[in-house]
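Chains, contacts and geometry: an overview
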Amino acid sequence: MFNMKNIGFKISELRKKNNMTQMELADKMNISFQAVSNWERGVSLR
């Protein structure tokens, strides 16, 4: 089943495994760091 908390945890886990900050990931994806933060907290996937 689709679970935003689990997806957020996985994003955070992979980002940290690659020694990236939220800002660095956001820059690579051309999005805001707030979006990455929201994903990781399971608040939003937009």
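In short, a report on the structure. (Residues numbered from 1 in each chain as written. Predicted model: local features only at pLDDT ≥ 70, side-chain atom pairs only at ≥ 80, totals over all residues. Heavy atoms only, no water.)

Some points on the pattern of salt bridges
All told, the structure shown has two salt bridges when counted by the stated rule. A salt bridge links K10 to E13, with the shortest nitrogen-to-oxygen separation between them at 3.3 Å. Here K10 and its partner E13 are both found in helix 1 (residues 4-17), three residues apart, which amounts to about one turn of the helix. Looking at K10, the relative accessible area reads 44%, which means it is partly exposed. For E13, a relative accessible area of 36% gives the class partly exposed. In this structure, R15 and E40 form a salt bridge, with 2.6 Å as the shortest nitrogen-oxygen distance. Highlighted residues: R15 in helix 1 and E40 in helix 3 (residues 33-41), separated in sequence by 25 residues. On the basis of relative accessibility, which here comes to 10%, the residue R15 falls in the buried class. Here E40 falls in the buried class, since its relative accessible area comes to 16%. (Salt bridge = Lys/Arg side-chain N within 4 Å of Asp/Glu carboxyl O. Helix = DSSP H or I, 4+ residues; strand = E, 2+ residues; numbered from the N terminus. Buried < 20%, exposed > 50% of the residue type's maximum accessible area, 1.4 Å probe, protein only.)

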